[in-house]
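What follows is each chain in one-letter form.
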Amino acid sequence: MKPASRKIVIVGGGVAGLCAGVYAQASGYQVEVLEQGSVPGGLATSWKRAGYTFETCLHWLVGSSPDGALGAQWREVCDLDKLTFVYPEEFQRLETEDGRALRIYSHVDQLEAEFLRASPQDAEEIRAFASAIRGLADFPMEALNEAWPRKGLALLRLIPKLPLLQHWASMSAAEYGKRFEHELIRRFFVDGATSGMSVIALVFMFAWMSRKNAGYPIGGSKAVVRLIVERFRALGGTLRLMAKADEILVENNAAVGVRLADGETIHADWVISAADGHATIYDLLGGKYRDEAIDQFYEKQQVFPSYLQVSLGVAQDLSAEPGLLSRCLAEPLRLDPETVLHEVPLRIFHYDPTFAPPGKTAVTAFLPTYNYAYWLDLERSDPKRYAAEKQRVARAVIAILDRRMPGIRERIETIDVSTPASVVRFTANWKGSMEGFVPTPGTGFGAKRQTLPGLDRFRMVGQWVQPGGGLPSGLMTARTAIRAICRKDHVPFVPKSASGVDQAA
Ligand SMILES: Cc1cc2nc3c(=O)[nH]c(=O)nc-3n(C[C@H](O)[C@H](O)[C@H](O)COP(=O)(O)OP(=O)(O)OC[C@H]3O[C@@H](n4cnc5c(N)ncnc54)[C@H](O)[C@@H]3O)c2cc1C
């Protein structure tokens, strides 16, 4: 059978599902992407309130530079060059409420110089960290998801870097941070939602930023998602919104289609799940295709937290402020019965003119919590208290902002609060997680198995099969899955760049 007569149905219209759709459609398959929500993009999204746009996801897109393999892969799924990327010189500023501050620069040279200036007593460790960033700057992460022989060449290039890699992958950011005497440098590593991550993740983050390969696209997540959807549709793919899959249909241990929540049945030659991993394995497939390793991973591996987001529309030009301002609190913020925050990161989107009218600024606060159940229960059982709790958290964030910028509360025109209940409702992610599994020491960034034991004609893609998540996990796992499907069906996998040039697969 020719691929054109073969159908692939994809559950989930987040970045992973859409990228898989583009690759499959470009390979000649007939593709239908099913998205439960009313907009595509999943976690990669933003929303509008009273003239402001509130971004929830993108700080950066790894692979933004046209140089390098990941940049080339992004350009296979969309015309990324239509976007304008910004590369802030100062990536983040940490401040205490008694007036101390530490600038975290994007480029390793400036970062090292600033850390040395702030803390000469930590010189040895600062130099070691900067040297790791430089040493791994050209690490071919995306090539690890390539097919042989490219993968082999990448592995060969990797051999001299293995000791460095192993050293930095063996400890968490929180453990590593304790080596620093300087309070704010220590807090940079130890506090925050990512402290359980292997410190190698931070090494890579600065390596990519130093090489201007992790820029912020003007327009944020929706600008990227729009381009992928455009390409998918231009290739002839079908994106169905408000189409919730309830069951993956299986015959003789092969996936044969999907049953939607309204009872409609869609038959297909292959099924790909780009939806939440836990729901895919334990609900959509009824837990029939799993083994102990899978159960253990889902039971024991740490996931990224869920979060509340307080979004504020401020009638003031805040362009003199850093784009990411983390306030270390004198009085901790009690978020919910199990969560107390000592630091609140504020994103000040003055660098994205599409997010607010001239002279005004969209500001968001990211408030991580593992107590997703509290917010889900509260929304269901006591909507009045749920609303009151949201207001309480918003007031606390406004007070933090007002202590830093006195009088700003008078200029706040719009307030919006989302909670883990919102994350679950809009994306159906397990535990309301913002990014899937944490790449802890030992897990690595390598993609997990995309197949399930005993189940044929099925693949999983997205953040739940690649610890560390992020938009690139969707791109890379989608590419790997479609390449494997093409191989099984004996059809060539020849991805084309959005400008029409063939890429070597
Ligand atoms: C606060 C925050 C900051 C982040 N910052 C960055 C960043 O700077 N850079 C970066 O690269 N990444 C960042 N991420 C992570 C990134 O957003 C995610 O890892 C990525 O978007 C996950 O894509 P995905 O397609 O794998 O999953 P998802 O986005 O979760 O998509 C899954 C889709 O499947 C749909 N779905 C689920 N169940 C069903 C069903 N039964 N039927 C039909 N559809 C279904 C959902 O509605 C959803 O649209 C951030 C995330 C958050 C929350």
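Position numbers for residues count from 1 along each chain, tracking the sequence in the order it is written. Confidence filtering applies because this is a predicted model: local features only for residues at pLDDT of at least 70, side-chain atom pairs given and counted only at 80 or more, and all residues used for totals across whole chains, interfaces and linings. Values reported for side chains reflect all heavy atoms of the structure, with hydrogen atoms and water molecules removed beforehand.

**Student:** What is the right way to read the nonpolar core from this model?
**Tutor:** Across soluble globular proteins, you tend to see nonpolar side chains buried next to one another. Within this scheme, the nonpolar core is defined by two criteria: the residues are buried Ala, Val, Leu, Ile, Met, Phe, Trp, Tyr or Cys, and they are joined through side-chain atoms within 4.5 Å. For every residue, the accessible area obtained with a 1.4 Å probe (protein chains only) is divided by the maximum for its type, and the residue is called buried under 20%, exposed over 50%, and partly exposed between those limits. Of all hydrophobic cores here, the largest spans 85 residues; its most connected members are Trp 74, Phe 129, Trp 168, Phe 189, Phe 206, Ile 228 and Ile 482. No other element matches the 9 residues that helix α9 (residues 200-210) contributes to this core. Residue ranges assigned to each domain were obtained from an automatic or database domain assignment. Composition of this core by domain shows at least three residues from each of domain 1 (3-46 + 219-302 + 437-489) and domain 2 (88-211). One finds Leu 341, Val 344, Leu 346 and Ile 348 within the second-largest nonpolar core, a separate group that totals 32 residues. Runs of H or I in DSSP of at least four residues are treated as helices and runs of E of at least two as strands, each being numbered from the N terminus.

**Student:** For this particular structure, what's the right way to read the pairing of strand β14 (residues 270-273)?
**Tutor:** Along a regular strand, successive side chains alternate from one face of the sheet to the other. Residues Trp 270 and Ile 272 of β14 are buried on one face, and the alternating residues Val 271 and Ser 273, pointing to the opposite face, are buried as well. Here the rule is simple: two strands pair whenever DSSP picks up at least two bridges between them. The pairing of strand β1 (residues 7-11) with β14 spans 4 bridges and is classified as parallel. Pairing of Val 9 across the sheet is with Val 271, part of β14. Direction of pairing for β14 relative to strand β20 (residues 458-460): parallel, over a ladder of 3 bridges. The partner of Val 271 across the bridge, within β20, is Phe 458.

**Student:** Please explain the site of the ligand as it appears in this structure.
**Tutor:** In the region of the ligand, 37 residues are neighbours, and Glu 35, His 59, Asn 429, Gln 463 and Gly 470 sit closest. For the purposes of these results, a polar contact is taken to be a pair of N or O atoms within 3.5 Å, where, inside protein, one atom must be able to donate a hydrogen and its partner to accept one; residues adjacent in sequence count only when each atom of the pair is a side-chain atom. Measuring from an oxygen atom of the ligand, one finds a backbone N or O atom of Leu 43 at 2.8 Å. Measuring from a nitrogen atom of the ligand, one finds a backbone N or O atom of Cys 57 at 3.0 Å. Protein coverage of the free-state accessible area of the ligand, which is 1,000 Å², stands at 96%. One heavy atom within 4 Å of a molecule or strand makes the whole residue count as near it. All accessibility values rest on the Shrake-Rupley procedure with a 1.4 Å probe; residue burial counts only the protein chains present in the view.

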